[in-house]
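Coordinate analysis (summary)
These are the residues of each chain, in order.
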Amino acid sequence: MTSVLKRSAHAVSFAAGRLTTEARVLPSFLIAGAQRCGTTSLYRALSRHPLVMKPVLRKGVHYFDMAYDRGLPWYRAHFPLVTTARALGRRHGGRVQAFESTPYYLFHPLAGARIAADLPGVKLIVLVRDPVERACSAHAHELARGYETEPSFERAVELEPLRLAGEVERLRDVPGYVSAAHRHHAYLARGRYAEQLARLEPLLGRDRILVLDSGRMFDDPAFAYDRVLEFLDLPRIGGVEFARHNARPRTGVVPESVRRRLNEHFEPWDTLLVRWLGADPSWRR
């Protein structure tokens, strides 16, 4: 019953949004990834800031990855009214910023160019974590949601090249194509963060992308939060409540031999993160 009511409320709200699309704000920043790296925790912390407005009823809109054919008015309908933003700005003495969080944007091969074209000046926040831990967490997450049928993490990693073969090309070449394998089974590919950042940098510019080490973020959330506010030109108003959200229990223990092999696989990609983080990744110290 609760899910039915929630869907009904969303349908009514979205219908109203479509009727007033030109009177609605577009986001000035996005949490673009990476999946299973603390994006929900940061989203909830930022949503409490008085000068930040989240999308209506939906954390991630998935416009630039899976719904781009619906058009910008459809996307805009997910965000609050300009009049609401102006009222908040007057109340708190600053510029209100809207945002959303869709972790697939970082990984989708077309999302970056679409974002750059439709949201000029937008800023992106990217979170990264130990890619081996991220892969394990993603497998548990997809298994729990029913998108993964292989219970063995090691076997799922072995299947990844076969499952993803040709999917990037199809996403680029076939209008409206949505790839379940690319979205749900890219355990290692999603952890090559520097590869994805290299695709975004020429599209948006280095100064419009903030990369956060989620290990350090959870160790010192106040410091990380202040870095985000500085990046977004937002004032510090009140405290910050920061907690882990959306965690999943693991279904098994990864053999040490597998963990060593994956650590070696990710080492060159982790090294390339130093220029983005300004230090070695926390999991390489």
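Residues numbered from 1 in each chain as written. Predicted model: local features only at pLDDT ≥ 70, side-chain atom pairs only at ≥ 80, totals over all residues. Heavy atoms only, no water.

As for the sheet that holds strand S2 (residues 52-53)
Overall, parallel pairing links the five strands, which are arranged S2-S3-S1-S4-S5 in an open sheet. Each of the sheet's edge strands pairs with one partner strand only, and the pair in question is S2 and strand S5 (209-213). Here three bridges tie strand S1 (residues 29-33) to strand S3 (residues 97-101), and the two strands are oriented parallel to one another. Looking at S3, one finds that Phe-29 is bridged to Phe-99. (Pairing = 2+ DSSP bridges. Helix = DSSP H or I, 4+ residues; strand = E, 2+ residues; numbered from the N terminus.)

Overview of the nonpolar core
Residues Leu-42, Leu-46, Tyr-75, Tyr-105 and Ile-125 are the most contacted members of the largest nonpolar core, which totals 60 residues. Per element, the largest residue contribution to this core is six residues, and it comes from helix H14 (residues 221-232). Once you skip the residues sitting within four places of it in the chain, Tyr-75 turns out to touch Leu-26, Pro-27, Leu-30, Val-61, Tyr-63, Phe-64, Glu-100, Tyr-105 and Leu-119. (Core = buried A, V, L, I, M, F, W, Y, C linked by side-chain atoms within 4.5 Å. Buried < 20%, exposed > 50% of the residue type's maximum accessible area, 1.4 Å probe, protein only. Contact = heavy atoms within 4.5 Å.)

What to know about unusual backbone geometry
What is expected of a backbone is that most residues other than glycine have negative phi and most peptide bonds are trans. In this structure, Ala-34 follows Gly-33 across a cis peptide bond, with omega equal to -5 degrees. Mapping Ala-34 onto the fold places it in the loop between S1 and helix H2 (39-47). At His-62, a residue that is not glycine, the phi angle is positive and equals roughly 60 degrees. Of note, Asp-233 is a non-glycine position whose phi angle comes to about 60 degrees, a positive value. Mapped onto the secondary structure, Asp-233 falls in the loop between H14 and helix H15 (256-271). Taking relative accessible area as the criterion, Asp-233 reaches 60% and is therefore assigned exposed.

Description of the side chain of Arg-190
Structurally, Arg-190 is set in the loop between helix H11 (180-184) and helix H12 (193-204). Here Arg-190 is buried and forms no salt bridge, its nearest opposite-charge partner Glu-142 lying at an N-O distance of 5.8 Å. Look past the residues within four positions of Arg-190 in its chain and what remains in contact with it is Gln-35, Pro-103, Tyr-104, Phe-107, Arg-134, His-182, Arg-183 and Gln-196. (Lys, Arg positive; Asp, Glu negative; His and termini not counted. Salt bridge = Lys/Arg side-chain N within 4 Å of Asp/Glu carboxyl O.)

Here's the deal with helix H8 (residues 131-145)
In this model, H8 (15 residues) spans 21 Å end to end at C-alpha, consistent with the 21 Å of a helix rising 1.5 Å per residue. In terms of burial, H8 is largely enclosed, as eleven of its 15 residues are buried. When we look at burial in H8, the residues that qualify are Pro-131, Val-132, Arg-134, Ala-135, Cys-136, Ser-137, Ala-138, His-139, Ala-140, His-141 and Glu-142. Against the buried residues of H8 lie helix H9 (153-164), H11, H12 and H15. Sitting at the amino-terminal end of H8 is Asp-130, which places a side-chain oxygen 2.9 Å from the backbone nitrogen of Val-132. (Expected span 1.5 Å × (residues − 1). Polar contact = N/O pair within 3.5 Å; in protein donor to acceptor, adjacent residues only side chain to side chain.)

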